[in-house]
Amino acid sequence: MSFYTCLVVMFGGALGTLARYLVSVATAPFSRYMPWGTIVGVNMLGSFVIGFFGTLTLASGRYPVSETTRLFVMLGLCGGYTTFSSFSLQTLDLLRIGAWGRALLTVILSVVLSVGAVALGHVAASRLNSHTILIAQADVEEEV
């Protein structure tokens, strides 16, 4: 781990966080009763992107990129964009107002759609790679 790598991940995180904020603002009118912006606009989209990019850019993928680029996108950009903490807070808010059904629906939809989206991204990129790749994570994530 170098200072440069830390800066790259930090810059990606800042961009991801800004994108997350812009999605929140844009989806606010649709998220009054259910946090659709978080469920679909953030968690599902971010999960697709990390699955797609992570698979497509492996050393054996169709478009291999440097580990630094993968860290920028996967840990920085996607990490700043897909905010599980926002999902958790919004779910807690639903529970606190007694909207147990909507809270449960938020949890189920967020998990199922996000895992489905990362799988879809992985499958799409694997097809572009013309072969199956089983792991789309960055090496540094494996160490944690």
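That block above? That's the structure.
In what follows, the accompanying structure is described. (Residues numbered from 1 in each chain as written. Predicted model: local features only at pLDDT ≥ 70, side-chain atom pairs only at ≥ 80, totals over all residues. Heavy atoms only, no water.)

1. Topic: a nonpolar patch on the surface
For clarity, the cut-off: Surface patches are drawn from residues lacking salt bridges whose relative accessible area is over 30%; two like charges belong together within 9 Å, two nonpolar side chains (Val, Leu, Ile, Met, Phe, Trp, Tyr) within 5 Å. Shrake-Rupley sampling with a 1.4 Å probe provides the accessible areas, and residues are treated as covered by the protein chains on show and by no other component. Every case where a carboxyl oxygen of Asp or Glu lies within 4 Å of a side-chain nitrogen of Lys or Arg is listed as a salt bridge. The numbering of helices and of strands both runs from the N terminus, where a helix is a DSSP run of H or I of at least 4 residues and a strand a run of E of at least 2. Burial classification: accessible surface area is computed with a 1.4 Å probe over protein chains only, and a residue below 20% of its type maximum counts as buried, one above 50% as exposed, and the rest as partly exposed.
The grouping of Leu18, Tyr21, Leu22 and Val25 at the surface amounts to a nonpolar patch, some 410 Å² of accessible area in total. Here Val25 shows up in helix 1 (residues 3–27). Look at Val25 and you get partly exposed, because its relative accessible area is 46%.

2. With respect to the pattern of salt bridges
This model, assessed by the stated rule, comprises two salt bridges. Its salt-bridge partner being Glu67, residue Arg70 comes within 3.9 Å of it at the nearest N-O pair. Here Arg70 and its partner Glu67 are both found in helix 3 (residues 67–81), three residues apart, which amounts to about one turn of the helix. What makes Arg70 buried here is its relative accessible area of 3%.

3. Re the packing of aromatic side chains
For the record, the criterion: Between the rings of Phe, Tyr and Trp (Trp by its six-membered ring), a pair exists once the centres lie within 6.5 Å; its type follows the angle of the planes, with under 30 degrees stacked, over 60 edge-to-face, and the other angles tilted.
Following the criterion strictly, the structure yields three aromatic pairs and no others. Considering the side-chain rings of Phe11 and Phe72, the 6.1 Å spacing of their centres and the 25 degrees angle between planes classify their relative orientation as stacked. Separated by 61 residues along the polypeptide, Phe11 in helix 1 and Phe72 in helix 3 bring together distant segments of the chain. Ring geometry for Phe48 and Phe52: centres 5.6 Å apart, planes at 15 degrees, overall stacked. In this pair, Phe48 and Phe52 both sit in helix 2 (residues 36–56), four residues apart, roughly one turn of the helix. Given a relative accessible area of 27%, Phe48 falls into the partly exposed group. You can call Phe52 partly exposed: its relative accessible area is 24%.

4. Observations regarding helix 5 (residues 100–129)
For clarity, the cut-off: The span you would expect from a helix comes to 1.5 Å times its residue count less one. Working rule for contacts: check all heavy atoms of both residues, and any pair within 4.5 Å makes them a contact.
Taking 1.5 Å as the rise per residue, helix 5 with 30 residues should run 44 Å; its terminal C-alpha atoms sit 43 Å apart, in good agreement. The secondary structure elements touched by the buried residues of helix 5 are helix 2 and helix 4 (84–96). Where helix 5 ends, the next residue or the one after it, Ser130, has phi of about 70 degrees, a positive value.

5. Focus: the packing of helix 2 against helix 3
Helix-helix packing is described using two parameters, namely the angle between the two axes and the distance between the axes. How we decide: To obtain each axis, a line is fitted to C-alpha atoms, and for helices this fit is confined to the stretch in contact; angles are then taken between N-to-C directions over 0 to 180 degrees. Any angle that falls under 35 degrees is termed roughly parallel, while one over 145 is termed roughly antiparallel, one within 65 to 115 roughly perpendicular, and all others oblique. Each residue is assigned to one class: nonpolar for Ala, Val, Leu, Ile, Met, Phe, Trp, Tyr, Cys and Pro, charged for Asp, Glu, Lys and Arg, and polar for all the others, Gly among them.
For the pair helix 2 and helix 3, interaxial distance at closest approach is 9 Å and the crossing angle is 170 degrees. As far as their axial angle goes, helix 3 and helix 2 are roughly antiparallel. Of the residues in helix 3, those in contact with Gly41, Val42, Leu45, Gly46, Val49, Ile50, Phe53 and Gly54 of helix 2 are Thr69, Arg70, Val73, Met74, Cys78 and Tyr81. Among the residues making up the contact of helix 2 with helix 3, the classes are represented as nine nonpolar, four polar and one charged.

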